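# Observations on the three-dimensional arrangement
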Amino acid sequence: DVTILDGEGTHEIIEIAEGGGLRLTNVTLRNGFSVNRAGAIDGRGFVMLRYCAFRNNRLEGSTREGETSPMRAGAVSLSGNFMYNGDRIQQCEFSDNFADNCDNCAGALADSGGGQFLENTFIRNGVGAITKNSASCFRGGVSGAIPPDSGYLEVGGTFADNFCVGNDNELSNS
């Protein structure tokens, strides 16, 4: 059986405080919405996810002038140090997640401390407008699925139709 947690397009689904932890198996998190860090899971502690699905989650962020924004994502944002937290996401599906109007963001998953993301599937995740004038899909730390500057990452799985639209370029892995 699969448990479904639905943010109904109005709120973030799960927030994990610093020092806390979360282990989920066979859970679907859908329709999460946030203006802060992530639509489905804002994880500042230990996170272990297996056989989960993240669908239609959205981040509508903004960065104020002079503010340094944390890594953020439409579905899952993780922070902390991989060597201590050991975040692990395995055999999960990320589909149709989106981040818009933000810096340092990804459509599906952002991790500022590194982690292991193995045998996952990333489909149709994306990033819209990027707020910094100098940002692009590469240099601004923004990617359709996972940002390229997420710290130490061990990544494996399937990536299809993820996209990023920057101020002056577009990136896709169709």
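These numbers come from a predicted model, not from an experiment. (Residues numbered from 1 in each chain as written. Predicted model: local features only at pLDDT ≥ 70, side-chain atom pairs only at ≥ 80, totals over all residues. Heavy atoms only, no water.)

## A closer look at the nonpolar core
Just so we agree on the cut-off: Throughout, nonpolar core names a set of buried Ala, Val, Leu, Ile, Met, Phe, Trp, Tyr and Cys residues whose side chains join them through atoms within 4.5 Å. Partly exposed describes any residue whose relative accessible area lies between the buried limit of under 20% and the exposed limit of over 50%, with all areas from a 1.4 Å probe on protein chains only and scaled to the type maximum. Runs of E in the DSSP output that reach at least two residues are strands. Runs of H or I that reach at least four are helices, and both are numbered from the N terminus. By definition in these notes, contact holds between two residues if any of their heavy atoms fall within 4.5 Å.
If you look at the biggest cluster of nonpolar residues, it comprises 23 residues, and the most contacted ones within it are Leu-24, Leu-29, Ile-41, Leu-49, Phe-54, Phe-94 and Leu-109. Elements with a contribution of two residues or more to this core: strand E2 (14-16), strand E3 (21-25), strand E4 (27-30), strand E7 (46-50), strand E11 (76-78) and strand E17 (115-123). Dropping the residues within four chain positions of it, Leu-29 is found in contact with Leu-5, Ile-13, Ile-14, Leu-24, Ala-40, Ile-41, Ala-53, Phe-54, Arg-55 and Asn-57. One finds Ala-99, Cys-102, Cys-105 and Val-127 within the second-largest nonpolar core, a separate group that totals five residues.

## Remarks on the environment of Leu-59
As for its placement among the helices and strands, Leu-59 is situated in strand E9 (residues 58-60). Judged by relative accessible area, which is 0%, Leu-59 ranks as buried. For Leu-59 and Asn-97, which are 38 residues apart along the polypeptide, the C-alpha to C-alpha distance reads 8.5 Å.

## Some points on the sheet that holds E2
Cut-off, in case you're wondering: In this analysis, strands are considered paired if DSSP registers two or more bridges between them. Lines fitted to the C-alpha atoms define the axes, with helices restricted to the stretch that makes contact. Angles between their N-to-C directions range from 0 to 180 degrees.
Taking strand neighbours across the sheet as the criterion, the four strands line up as E2-E6-E11-E16 in an open arrangement whose pairing is parallel. The open sheet has two edge strands, E2 and strand E16 (109-111), and neither has a second partner. Geometrically, the sheet is characterised by an average inter-axis angle of 5° between neighbouring strands, direction not taken into account. Bridge analysis of strand E6 (residues 41-43) against E11 gives three bridges, and the strand direction is parallel. Bridge pairing in E11 places Asp-42 opposite Ser-77.

## Quick look at the pairing of E17
Pairing analysis gives three bridges linking strand E12 (residues 88-90) to E17, with the strands arranged parallel. When the sheet's bridge partners are listed, Ile-89 is paired in E17 with Phe-117. Sheet topology places strand E13 (residues 93-95) next to E17; three bridges connect them, and they run parallel. Within the sheet, the bridge partner assigned to Ser-95 lies in E17 and is Ile-123.

## Concerning the side chain of Thr-28
You can see Thr-28 is positioned in strand E4. Here Thr-28 is in contact with Val-2, Thr-3, Ile-4, Leu-5, Ala-53 and Arg-55, once residues within four sequence places are set aside.

## Considering the confidence of the model for the protein
Our working definition: What pLDDT expresses is the predictor's confidence in each residue, scored from 0 to 100.
Confidence in the prediction for the protein averages 75 pLDDT; 64% of positions are at 70 or higher. Every residue in residues 130-142 is under pLDDT 50, and counting partners more than four places away or in other chains gives 48 contacts. Counting interchain partners and residues more than four positions distant, the pLDDT-below-50 stretch residues 167-171 has 19 contacts.

## Things to note about the pattern of salt bridges
Heads up, the rule is: Definition used for salt bridges: Asp or Glu carboxyl oxygen within 4 Å of a side-chain nitrogen of Lys or Arg.
This structure, assessed with the given rule, holds seven salt bridges. Two residues, Asp-42 and Arg-44, come together in a salt bridge whose shortest N-O distance is 2.9 Å. Relative accessible area serves as the criterion here: at 33%, Arg-44 is assigned to the partly exposed category. Residues Arg-58 and Asp-100 are paired through a salt bridge, measuring 3.6 Å at the closest nitrogen-oxygen approach. With a gap of 42 residues between them, Arg-58 in strand E9 and Asp-100 in strand E14 (residues 98-100) connect regions that are remote in the sequence.

## Some details on unusual backbone geometry
Positive phi values are uncommon outside glycine, yet Gln-91 reaches one of about 55°. Among the secondary structure elements, Gln-91 is positioned in the loop between E12 and E13. Of note in this structure, Glu-119 is not a glycine but carries a positive phi near 60°. By the secondary structure assignment, Glu-119 is in strand E17. A relative accessible area of 46% means that Glu-119 is categorised as partly exposed.

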